[in-house]
Amino acid sequence: MEGGVAGNSVPPNSFDKSKVLDVKPLRSLLPVFPEAPNGPPFVCAPPNGPFPTGFSPFFPFSGPQGSPLTPGLNQNLFNSTAMPIRSFRAEPPPASNGENVQSSNKRKSVGPSSVKKKVKRSNDSELALAALTNFKPGISAAEKDDGNRELVENVLMRFEALRRKLSQMEDAKESHSDIFKRANLKAGNIMFTKGVRTNGKKRIGAVPGVEIGDIFFFRMELILIGLHSQSMAGIDFMPMKADIEGERVAISIVSSGGYEDNAEDPDVLVYTGQGGNASADKEASDQKLVRGNIALERSLHRANEVRVIRGFKDATHQTSKVYVYDGLYKVQESWMEKGKTGCNMFKYKLVRLPGQTGAFSTWKSIWKWKEDPSSRDGLILPDLTSGAESIPVSLVNEVDDEKGPAYFTYVSTVKYPKSFKLVQPSYGCNCRDACQAGNSNCSCIQKNGGDFPYITTGILACRMPMIFECGSSCPCFRNCKNRVLQTGFKVHFEVFKTRDKGWGLRSWDPIRAGTFICEYAGEVIEKIKEKADGDDGENNDYVFNTNRVYESFKWNHETESAEERSDTSEKFDIPSPLIISSKNSGNIARFMNHSCSPNVFWQPIMYEHNNEAFLHIAFFAKKHIPPMTELTYDYGIPRSDETGSNNMEHGKKKCLCGSPKCRGYFY
């Protein structure tokens, strides 16, 4: 046969008969769809279309069988009618080792294997990473397959601690190489290598230990806890064991704005299939019914649950994204339509299962409040601080008719009386612009043990015995990255009335672990006033005391290396006890309630003012905190040498934190 497909002739003597042809039965070949001269309705543009020249399209890629197609009919068909996806022929499912089949588009499925890519390392970087990688996973084989809430939170906290440490090391490098860039991928690689992960067994439906509304700031976090196993692809799928042909169904999707999704409705998501997007080296093309696309189509017919993760821009870090787990959906409908590029795209309508906790709906409400604060139900005051803070703090009561807390004077920092000072000579740094991580000549960095306490994004890198920020005598800029506490909080808070714990504090924004919450502001006092007979006990309320006993916890990255520096200790080094009363004057910190499983912790910070160093108490996020989640910290327990046993019992209050680890009381 000398004539080729589409009439292309083969030059004489170009065929080497000595070669053996790899001939396959026709039924094993994928169908090749011809291209009409004027282009079928789903073709973007030649030569990208699947139809070779000279072939006419056939049903269902043309009009009704037996009807010739005209250019006008092609246009009307897709401008007015969406074609059902089930009418398309799909490519056969890949073999058992088909995971190495790659899509030629942005939503290419690379999965956890992407974190295993080799990273260039120098001898110095190998030594620097040695201590970080020397730790035990502490997770059993069974826990790697199936987790629980405590294990999920443990994995996420360890990942974030390692990521912050890697970021801190990268910031300190004089020449920023590629060794530690994308610290989240490097941290994920180490976690996988050490076996620190959970819920590795794929499943349909809810993931043990993951709650609706949980937030994440890296796709790697989704992988480590088994919520979504693809590091880039938006559709995750798994084979059905009962299916002899090994067909796959979708189990989770990520909608984060990369495609033309319709994600405005909190209960309905119109999701765009994967593939077809233009890139630097190729034009946009029609999507194909393969991999994740066909998995979603099969989920439509099987009616299995699909986890939905929605992604948005991070309000506090515009270059980053935040992901929220929005619960379980089902695929209700599918079709094909032309996208903005003129190419055909698969569309899937997913509907949220009723009775689930609100997640994306909460975000929608917050966006509305930010545009129009008066639209907030139960709003008492738009700004409790009366302008004392750069970001307003709303006062809200949706519970009863109380119009606000007892009167107090709002102050944004701690006030030391003249008679009570931490007399300690202090010298500022000599940085003219801004303190730079890795600058060994910066005296403020030297005070911090040679490490910059915050990473580039302003996140606290590690808990430290004491953090030394730049003070008023330092010539560096006001917005120097070593002035996190002094520049104030960057989150929109609201003080709200709780149902059973008085007033509380929560945020409209998602909060990343290590984010500065606020300072504990108030008046420094020498001692707590003793309760007298008949006293209502208010004299001991609204007090922070560094001399209390606080339950210890591990927040920094753990290591078993003997070479790890001792300055990473999390035991505080406070020169003398500090007691702050916020009864008469204070800030939003006075509204944070106690919890036996808190999501906020405190850190002592010093900085110079008027040639003297003063101690401040700063609160930081212990873990990622979703919007509208109450912020709490551990109030601690008075030392036995400070009060008698009778007073200890008298000072107990019933704890209502609801934590599984609740000890039943607090002081």
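Residues numbered from 1 in each chain as written. Predicted model: local features only at pLDDT ≥ 70, side-chain atom pairs only at ≥ 80, totals over all residues. Heavy atoms only, no water.

- Per an unreviewed UniProt entry, the chain goes by SET domain-containing protein and derives from Gossypium darwinii.

## Section: the overall build of the chain
- Of the regular secondary structure elements, the chain holds ten helices and 25 strands.
- At a minimum sequence separation of 6, the contacts of the chain that also span at least 24 residues come to 70%.
- Here the chain displays about 33300 Å² of accessible surface, and carbon together with sulfur accounts for 51% of that area. (Helix = DSSP H or I, 4+ residues; strand = E, 2+ residues; numbered from the N terminus. Contact = heavy atoms within 4.5 Å. Areas by Shrake-Rupley, 256 points an atom, 1.4 Å probe, with all protein chains shown as cover.)

## Re the packing of aromatic side chains
- Inspection of every chain in the model, using the stated rule, returns 27 aromatic pairs.
- Measuring from centroid to centroid gives 4.6 Å for Phe572 and Trp602, while their planes differ by 50°, and the two rings are tilted. Of this pair, Phe572 sits in the loop between strand 17 (543-545) and strand 18 (579-581) while Trp602 sits in strand 21 (residues 600-609), and the two are 30 residues apart along the sequence.
- For Phe572, a relative accessible area of 21% corresponds to the partly exposed category.
- A residue is classified by how much of its surface remains accessible, and Trp602, at 7% relative accessible area, is buried.
- In this structure an aromatic cluster arises from ring pairing among Tyr520, Phe544, Tyr550, Phe572, Trp602, Phe619, Tyr633, Tyr635 and Phe666.
- Cation over ring: Lys497 sits above Trp503, and NZ or CZ is 5.6 Å from the ring centre. (Phe/Tyr/Trp six-rings, centres within 6.5 Å; stacked < 30°, edge-to-face > 60°. Buried < 20%, exposed > 50% of the residue type's maximum accessible area, 1.4 Å probe, protein only. Lys NZ or Arg CZ within 6 Å of the ring centre and 35° of its normal.)

## Details of the pairing of strand 22 (residues 612-621)
- Counting buried residues in strand 22 gives ten out of ten residues, a clear majority hidden from the surface.
- Along strand 22, one buried face is formed by Glu612, Phe614, His616, Ala618 and Phe620 and the opposite face, lined by Ala613, Leu615, Ile617, Phe619 and Ala621, is buried too.
- Here three bridges tie strand 15 (residues 516-519) to strand 22, and the two strands are oriented antiparallel to one another. Within the sheet, the bridge partner assigned to Phe516 lies in strand 22 and is Phe620.
- Bridge analysis of strand 21 against strand 22 gives ten bridges, and the strand direction is antiparallel. The residue bridging Glu608 from the neighbouring strand is Ala613, located in strand 22.
- Between the end of strand 21 and the start of strand 22, which pair antiparallel, lie two residues, with Asn610 showing a positive phi angle near 55°. (Pairing = 2+ DSSP bridges.)

## Structural notes on the pattern of salt bridges
- For the structure on display, the rule yields 29 salt bridges.
- With its nearest N and O atoms 3.6 Å apart, the salt bridge here joins Arg149 to Glu211. With Arg149 in helix 4 (residues 149-171) and Glu211 in the loop between helix 5 (183-194) and strand 1 (215-216), this pair connects stretches of sequence that are 62 residues apart.
- Since its relative accessible area comes to 25%, Arg149 is described here as partly exposed.
- On the basis of relative accessible area, Glu211 is assigned to the partly exposed category, the value being 42%.
- The residue Asp314 makes a salt bridge to Arg512 at a minimum N-O spacing of 3.4 Å. Separated by 198 residues along the polypeptide, Asp314 in the loop between strand 5 (305-313) and strand 6 (321-338) and Arg512 in the loop between strand 14 (503-507) and strand 15 bring together distant segments of the chain. (Salt bridge = Lys/Arg side-chain N within 4 Å of Asp/Glu carboxyl O.)

## Things to note about the sheet that holds strand 22
- One open sheet accounts for four strands, arranged 12-21-22-15; its pairing is mixed. Looking at which strands have only one partner, the edges of the open sheet turn out to be strand 12 (467-468) and strand 15.

## As for the sheet that holds strand 14
- Across the sheet, which stays open at both edges, the four strands sit in the order 8-9-13-14 with mixed pairing between neighbours. Bordering the open sheet on either side are strand 8 (379-381) and strand 14, each of which pairs with just one other strand. Between one strand axis and the next, the sheet turns by 35° as a mean value, whatever way the strands run.
- As paired elements, strand 13 (residues 493-497) and strand 14 share five bridges and run antiparallel to each other. Bridge pairing links Glu494 to Arg506 in strand 14. (Axes fitted to C-alpha atoms, helices over the stretch in contact; angles between N-to-C directions.)

## Focus on the pairing of strand 16 (residues 522-525)
- Bridging between strand 11 (residues 414-415) and strand 16 involves two bridges; their strand directions are parallel. When the sheet's bridge partners are listed, Lys415 is paired in strand 16 with Glu523.
- Pairing of strand 16 with strand 18 involves three bridges; the strand directions are antiparallel. By the bridge assignment, Glu523 is partnered in strand 18 with Ser581.

## Let's talk about the nonpolar core
- Within the largest apolar cluster, 57 residues are counted, with the highest numbers of intra-cluster contacts made by Phe493, Ile517, Met592, Phe619 and Leu631.
- Those elements giving two or more residues to this core turn out to be strand 13, strand 14, strand 15, strand 21 and strand 22.
- Of the residues forming this core, the biggest block, eight residues, is contributed by strand 22.
- The contacts of Ile517, once residues within four sequence positions are left out, are Phe489, Phe493, Ile511, Val600, Phe619, Phe620, Ala621 and Leu631.
- Of all hydrophobic cores here, the second largest spans 40 residues; its members include Ile139, Val152, Leu166 and Tyr323. (Core = buried A, V, L, I, M, F, W, Y, C linked by side-chain atoms within 4.5 Å.)

## Side note on the side chain of Arg590
- Topologically, Arg590 is positioned in the loop between strand 19 (585-586) and strand 20 (593-594).
- Note on Arg590: relative accessible area 8%, which makes it buried.
- A polar side-chain atom of Arg590 sits 3.2 Å from the main-chain carbonyl oxygen of Lys583.
- Here Arg590 is in contact with Phe408, Tyr542, Ser582 and Lys583, once residues within four sequence places are set aside. (Polar contact = N/O pair within 3.5 Å; in protein donor to acceptor, adjacent residues only side chain to side chain.)

## Thoughts on the side chain of His616
- Topologically, His616 is positioned in strand 22.
- For His616, a relative accessible area of 5% puts it in the buried group.
- Within the local environment of His616, its side chain forms a polar contact with the side chain of Tyr607, the two groups lying 3.5 Å apart.
- Here His616 is in contact with Thr413, Val414, Leu485, Glu519, Gln603, Pro604, Ile605 and Tyr607, once residues within four sequence places are set aside.

## A closer look at unusual backbone geometry
- Even without being glycine, Asn199 reaches a positive phi, approximately 55°.
- Tracing the sequence through the fold places Asn199 in the loop between helix 5 and strand 1.
- Positive phi, close to 45°, is recorded for Arg291, a residue that is not glycine.

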